[in-house]
Amino acid sequence: MRPMRSIIKRAGAGMVLLAGVVACSTNPITGRSQLIGLVSESEAIQGSAQAYRQMMSDLDKKKQLDKSAPDRESPRLRKVEEITDRLIAQAIKFRPDSAGWRWEVQVINDPKTVNAFCMAGGKMAIYTGMWEQLKITDDELAQVMGHEISHALLDHTRERMSVARSTSLGVQLLGVATGVGGLGGQAMDAAAQIAIALPKSREGESEADAVGTQLAARAGYDPKAAVTLWDKMAKLGKGPAEFLSTHPSPENRSAMLKELGAKLEPVYEEAKAHPAAAQRHVNVAGGASERVAKPAPSSAK
């Protein structure tokens, strides 16, 4: 049996190596230092796209996607596309490289699930439970999608993937140091899955709240809707709100959103009074190269 001091010394050396491998970068939008260096931008986007395609394919086979038929349009999908197009136009101003993302959004027919997401590279979905359970308004829908888009803009997916990979690497190194390296691969996979599945951090949620509310206000959607949205979420309690299980809601969230909304009121009023010409960004078959301009909406609602 190896002396415990030797084991600890070798494990410590592994952790030092891990610290040398892990890279942090300062987010240009928030100014926060993020651990993202273990996963490249392309890895995060490609991995998200692959997972998204598989998920949508499975849902399509189960006839759970709210899709437009050749002779008619899905009202909910059309509305979500309209709102997300306007939000994406503002998102690109925050992060110009996102103009090259292949933005996609789908409506998932699941009236019992109250949830939405946006993965790296702009892969989005929203569940019909948002309408069925919350009776969500267009302004509130813009807050939901703005919040989710902000997670992608702020590299939160890539950050969580890097944290998962750093944890996995640490487990692997520790396994080598203690002579149980055979368990490293299994532990690494488990650590990655657990890290990705864990609820989002309050820090990340606060960032997404702040940026998402700005996106919505600049797109002409009422920032006060952020408060009414979370009030509705809170009333659901521990029922069908998957959104609450992955989006922690600190007690001061409502107060923060009210304060932020008041500051953004002039931005919202200006955007509502002078709507910009909309451009198609989401669900474009050929990606950015096939985007076309659309007439400006007559109203912000």
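Residues numbered from 1 in each chain as written. Predicted model: local features only at pLDDT ≥ 70, side-chain atom pairs only at ≥ 80, totals over all residues. Heavy atoms only, no water.

### What to know about the environment of Ser-162
With respect to the helices and strands, the residue Ser-162 is situated in helix H6 (residues 156-178). By relative accessible area, which is 0% here, Ser-162 ends up buried. Sequence separation of Ser-162 and Gln-34 is 128 residues, and the distance between their C-alpha atoms is 9.5 Å. (Helix = DSSP H or I, 4+ residues; strand = E, 2+ residues; numbered from the N terminus. Buried < 20%, exposed > 50% of the residue type's maximum accessible area, 1.4 Å probe, protein only.)

### Things to note about helix H11 (residues 253-273)
In a regular helix each residue adds 1.5 Å, so 21 residues correspond to 30 Å; H11 covers 29 Å between its end C-alpha atoms and thus fits that length. Along H11, the sharpest kink reaches roughly 50°, centred on Leu-264 and followed within four residues by the proline Pro-266. Taken as a whole, H11 has its buried residues at Arg-253, Leu-257, Leu-260, Gly-261, Leu-264, Tyr-268 and Ala-271. In this structure, the buried residues of H11 make contact with helix H5 (138-153), helix H8 (202-218) and helix H9 (225-236). (Expected span 1.5 Å × (residues − 1). Bend = angle between axes of the 7 residues up to and from the residue. Contact = heavy atoms within 4.5 Å.)

### Notes on the confidence of the model for the protein chain
Of all residues in the protein chain, 68% attain a pLDDT of 70 or more, and the chain-wide mean is 77. Confidence scores differ between elements of the protein chain, with helix H7 (residues 184-197) showing the lowest mean pLDDT of 39 and strand E3 (residues 104-108) the highest of 97. Segment residues 1-21: pLDDT under 50, and 21 contacts once partners within four positions in sequence are set aside and those in other chains are kept. (pLDDT = per-residue confidence, 0-100.)

### Here we look at helix H3 (residues 75-94)
Helical geometry note: an α-helix holds 3.6 residues per turn, so side chains three or four residues apart project in the same direction. Compared with an ideal rise of 1.5 Å per residue, which puts 20 residues at 28 Å, H3 spans 29 Å between its outermost C-alpha atoms and is within 8% of the ideal. All buried positions along H3 are accounted for by Leu-77, Val-80, Glu-81, Ile-83, Thr-84, Asp-85, Arg-86, Leu-87, Ile-88, Gln-90, Ala-91 and Ile-92. Check the buried side of H3 and you find it contacts E3, strand E5 (123-127), helix H4 (129-134), H5 and H8.

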